[in-house]
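What the coordinates show
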Amino acid sequence: DSGVTQTPKHLITATGQRVTLRCSPRSGDLSVYWYQQSLDQGLQFLIHYYNGEERAKGNILERFSAQQFPDLHSELNLSSLELGDSALYFCASSEASLNTGELFFGEGSRLTVL
Amino acid sequence: KNEVEQSPQNLTAQEGEFITINCSYSVGISALHWLQQHPGGGIVSLFMLSSGKKKHGRLIATINIQEKHSSLHITASHPRDSAVYICAVSSPSGTYKYIFGTGTRLKVLA
């Protein structure tokens, strides 16, 4: 158990809908990273938060947004969903603000858009 | 060319075999990570190393900074080791960025 909790584990929805994925980082970790993994693809960086502030953005679509709350949990909002958004979405946490820390991953949220 | 390359892409082994997975990178790094992704999808951090060698149970990770190369070894492999093994690097140093390899899919047969 990495200590990182992601919900929901599985989500099936229709095109055009909006979903929210939630991540609770490991106790004491201030950094939260979101990654997307499409079928048989590598991990694609979406966004990084540290202690409530957005620190970096990757290839995150405008239809996607995220935030990190004062209690350090984070939410990734995906809207106007398309078939191509079907993927595994991972949250990872780290104690470090930069890439000097070890990453601890959640189990992922598997999104299926029909 | 990817900044992090893994080989082989796929590997099938018999139970008990010694397994080596390789990772080469072309950028400067502050650390290298080995991750294991289970068939169910979850990702576990196995090692983070910046020099030398680390061992945990039947897993051994080594890194050669000069040659920009790392290896993950599994001794006495077991079917439960079947997973995708991902190499990632912290690069550039002092940023948020982790660069991931595309993974090595290992299947260990009983």
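To start, this report covers the structure provided alongside it. (Residues numbered from 1 in each chain as written. Chains lettered and ligands numbered in written order. Predicted model: local features only at pLDDT ≥ 70, side-chain atom pairs only at ≥ 80, totals over all residues. Heavy atoms only, no water.)

1. Considering the overall build of chain B
Here is the rule we go by: Only DSSP runs of H or I reaching four residues or more are called helices, and only runs of E reaching two or more are called strands; each is numbered from the N terminus. Each radius of gyration reported is based on C-alpha atoms, and the globular scaling rule is 2.2 Å times the count of residues to the power 0.38. For the exposure calls, accessible area comes from a 1.4 Å probe over protein chains only, and a residue counts as buried if that area is under 20% of its type's maximum, exposed if over 50%, partly exposed in between. Note on contacts: a residue pair qualifies if any of its non-hydrogen atoms lie within 4.5 Å across the two residues.
Counting its regular elements, chain B contains 0 helices and 11 strands. The order of α-helices and β-strands along chain B, N terminus first, is β-β-β-β-β-β-β-β-β-β-β. At 13 Å, chain B has a C-alpha radius of gyration in line with the 13 Å of a compact globule built from 110 residues. Across its three principal axes, chain B shows a C-alpha extent of roughly 45 × 25 × 25 Å. Evaluated residue by residue, chain B yields a buried proportion of 47% over its 110 residues. Pairs at least 24 residues apart make up 54% of the contacts formed inside chain B by residues separated by at least 6 positions.

2. Some points on the pattern of salt bridges
Residue and element names in this part refer to chain A. This is how the line gets drawn: By convention in these notes, a salt bridge is any Lys or Arg side-chain nitrogen within 4 Å of a carboxyl oxygen on Asp or Glu.
This model, assessed by the stated rule, comprises 5 salt bridges over all chains. The residue Glu75 makes a salt bridge to Arg22 at a minimum N-O spacing of 4.0 Å. Of this pair, Glu75 sits in strand E8 (residues 74-78) while Arg22 sits in strand E3 (residues 19-24), and the two are 53 residues apart along the sequence. Judged by relative accessible area, Glu75 falls into the buried class, the value being 18%. Across the pair Asp29 and Arg26 runs a salt bridge whose closest N-O atoms are separated by 2.9 Å. For Arg26, a relative accessible area of 24% puts it in the partly exposed group. Because the salt bridges share partners, they merge into one network encompassing Arg63, Glu82 and Asp85.

3. What to know about the interface of chain B and chain A
Cut-off, in case you're wondering: Note on definitions: buried area is the accessible-area loss of two parts on being combined, 1.4 Å probe, summed for both. Polar contacts here mean pairs of N or O atoms no more than 3.5 Å apart (in protein, one a potential hydrogen donor and the other a potential acceptor; neighbouring residues in sequence count only if both atoms are side-chain atoms). Each residue gets one label: Ala, Val, Leu, Ile, Met, Phe, Trp, Tyr, Cys and Pro are nonpolar, Asp, Glu, Lys and Arg are charged, and the others, such as Gly, are polar.
Across the contact, 21 residues belong to chain B and 22 residues belong to chain A. For the pair chain B and chain A, the summed buried area comes to about 1,700 Å², and 56% of that belongs to carbon and sulfur atoms. Contact with chain A buries surface across chain B, with Ile43(B), Tyr96(B) and Tyr98(B) losing the most and accounting together for 37% of the total. Along the contact surface separating chain B from chain A lie 0 salt bridges. The interface formed by chain B and chain A holds 7 residue pairs in polar contact (both at pLDDT 80 or more) in total. Put simply, the parts of the chain that give the side of chain B that touches chain A at least two residues each are strand E4 (31-37), strand E5 (43-49) and strand E10 (98-100) of chain B. Its residues assigned to classes, the side of chain B that touches chain A comprises 7 nonpolar, 12 polar and 2 charged.

4. Re the side chain of Ser93(A)
All names here are of chain A. For Ser93, the position within the fold is in strand E9 (residues 87-94). A distance of 2.7 Å separates polar atoms of two side chains, one belonging to Ser93 and the other to Asp29. Excluding residues that lie within four positions of it along the chain, Ser93 makes contacts with Val4, Pro25, Arg26, Asp29, Ser31, Glu102, Leu103 and Phe104.

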